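# Structure at a glance
What follows is each chain in one-letter form.
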Amino acid sequence: MKLYRTENGAYVERDGMYYPVASESWDELICDPALHQRLQESIHQNIPEAFDGAVILPPVVSQEVWAAGVTYYRSRDARMGESKDSGGGSFYDRVYSAERPELFFKATGRRVVGHKAAVRIRSDATWSVPEPELTLCINPAGTIVGYTIGNDMSSRDIEGENPLYLPQAKVYDGSCALGPCILISGDPISKETDIQIDILRGGRAEFSGSTKLAELKRDPVDLVKYLFRENSFPQGAFLMTGTGIVPGDDFTLASGDIIRIQISEIGTLENYVA
Ligand code: DO4
Ligand code: MG
């Protein structure tokens, strides 16, 4: 089942049919401990509706968005390279193999954009990239209730200059995209899941890359356990699980680029760079 937040309320999709989901608010829905069952009931009790013209909103309102870092070897490698002149390289190597993961605050709902909306690059950055990341939807009890697609936009020159600049490299208006929907599932997502990114410039592929979830070094459940240590999330939370795809050092995003991130089982998140 896939759950969408739209301008006309929430919808659940199964087998290509879209059913309305009654709710007080998005927050109330996401926090429902019986979300899975409630969506099944919506499918059984409602008549499917046309969905073609629906305006899809980001699947987040009051939830905080957090992110894990250096969870794939490719990210460790890229980060060690970009920060070698600042002496930050060894931090990334150490966190990749440490028991405690890197977790950082990424966005409030206000800073998140949804499917087909504009992501932004900082005007004071010279080296910007998207980071395609499987993103966990977690309820207030700390249970993973679903999966969405995330783009952790990053300013590599700023984080490379000094690891202490990470919040500025990562948190700014339009720095996070989530969507288009949440795959609601009681089962862990398959390690065979493919993650693919295509960046189009002037209609042509400027960069393409892919990875498999099997390359993720950390167990999503362990990441959530660390996030919820000494931290409560009364409205639930989203946790981006890190990137396994980093374009070569000569690539930087430009205004007008289209970023397509595909995760098998979930769908495609498409954004353009403002
Ligand atoms: O440590 C810096 C950020 C890492 C990150 O965002 C990632 O690996 O995806
Ligand atoms: Mg990231």
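Keep in mind that what you see is a predicted model, and the values were worked out from it rather than measured. (Residues numbered from 1 in each chain as written. Chains lettered and ligands numbered in written order. Predicted model: local features only at pLDDT ≥ 70, side-chain atom pairs only at ≥ 80, totals over all residues. Heavy atoms only, no water.)

Once that is clear, we can look at helix α2 (residues 35-45). Since the α-helix advances by 3.6 residues per turn, residues separated by three or four positions end up pointing in the same direction. Of the residues making up α2, those classed as buried are Leu35, Arg38, Leu39, Ser42 and Ile43. Angularly, the buried residues of α2 cover 145° about the axis, an arc narrow enough to put them on a single face. Away from the buried face of α2 by more than 90 degrees, exposed residues His44 and Gln45 are located. (Buried < 20%, exposed > 50% of the residue type's maximum accessible area, 1.4 Å probe, protein only. Helix = DSSP H or I, 4+ residues; strand = E, 2+ residues; numbered from the N terminus. Arc of directions from axis to C-beta.)

So, about the nonpolar core. Counting residues in hydrophobic clusters, the biggest one holds 45 residues, and the most contacted among them are Leu134, Leu136, Tyr147, Leu239, Ile259 and Ile266. Considering every element that reaches this core, the biggest residue donor is helix α7 (residues 220-228), with four residues. Contacts of Leu134, omitting those with residues within four sequence positions, involve Tyr147, Thr148, Ile189, Ile195, Leu213, Leu239, Met240, Thr241, Ile263 and Ile266. Within the second largest apolar cluster, 27 residues are counted, among which are Ala67, Phe104, Val145 and Ile182. (Core = buried A, V, L, I, M, F, W, Y, C linked by side-chain atoms within 4.5 Å. Contact = heavy atoms within 4.5 Å.)

Moving on: the site of ligand 1. Residues in contact with ligand 1 amount to 15 residues; listed here are only the nearest, Val70, Ser75, Glu102, Lys170 and Thr243. Within the side chain of Glu102, one N or O atom sits 2.7 Å away from an oxygen atom of ligand 1. Here ligand 1, which alone exposes 280 Å², has 100% of that area covered by the protein. Within the residue set of the shell around ligand 1, elements represented by two or more residues are β5 (64-69), α3 (73-82), β6 (102-107) and α6 (166-170). Of the residues belonging to the shell around ligand 1, the class tally is five nonpolar, four polar and six charged. (Near = heavy atom within 4 Å. Polar contact = N/O pair within 3.5 Å; in protein donor to acceptor, adjacent residues only side chain to side chain. Areas by Shrake-Rupley, 256 points an atom, 1.4 Å probe, with all protein chains shown as cover. Nonpolar A, V, L, I, M, F, W, Y, C, P; charged D, E, K, R; others polar.)

A separate point is the coordination of the magnesium ion (ligand 2). Here the magnesium ion (ligand 2) is held by Glu131 (OE), Glu133 (OE) and Asp152 (OD), and the distances to it run 2.0 to 2.1 Å. Each donor residue of the magnesium ion (ligand 2) lies on one chain, and together they are spaced E-x1-E-x18-D. Taken together, the residues span a long stretch of sequence, with Glu133 in strand β10 (residues 132-138) and Asp152 in strand β11 (residues 144-152) at a distance of 19 residues. Both residues of the pair, Glu133 and Asp152, count as buried. (Donors = N, O, S within 2.8 Å, 3.2 Å for Na, K, Ca; no water.)

Another aspect to go through is the state of the cysteines. Here a disulfide denotes a covalent bond joining the sulfur atom of one cysteine to the sulfur atom of another. Inspection of every chain in the model, using the stated rule, returns zero disulfides. The thiol of Cys31 is unpaired, and the distance to the nearest cysteine sulfur, on Cys137, comes to 8.8 Å. The thiol of Cys176 is not disulfide-bonded; the next cysteine sulfur, from Cys137, is found 13 Å away. Under the relative-accessibility criterion, Cys176 is labelled buried at 0%. (Disulfide = S-S within 2.5 Å.)

Strand order in this open sheet of five strands is β8-β18-β17-β14-β15, and the pairing throughout is mixed. Across the chains shown, the open sheet's two edge strands, defined by having one partner strand only, are β8 (118-119) and β15 (204-212). Here strand β17 (residues 258-263) runs beside strand β18 (residues 267-273); their pairing, made up of six bridges, is antiparallel. Among the inter-strand pairings, Ile263 is bridged to a residue of β18, identified as Gly267. (Pairing = 2+ DSSP bridges.)

In short, geometric facts, not functional conclusions.
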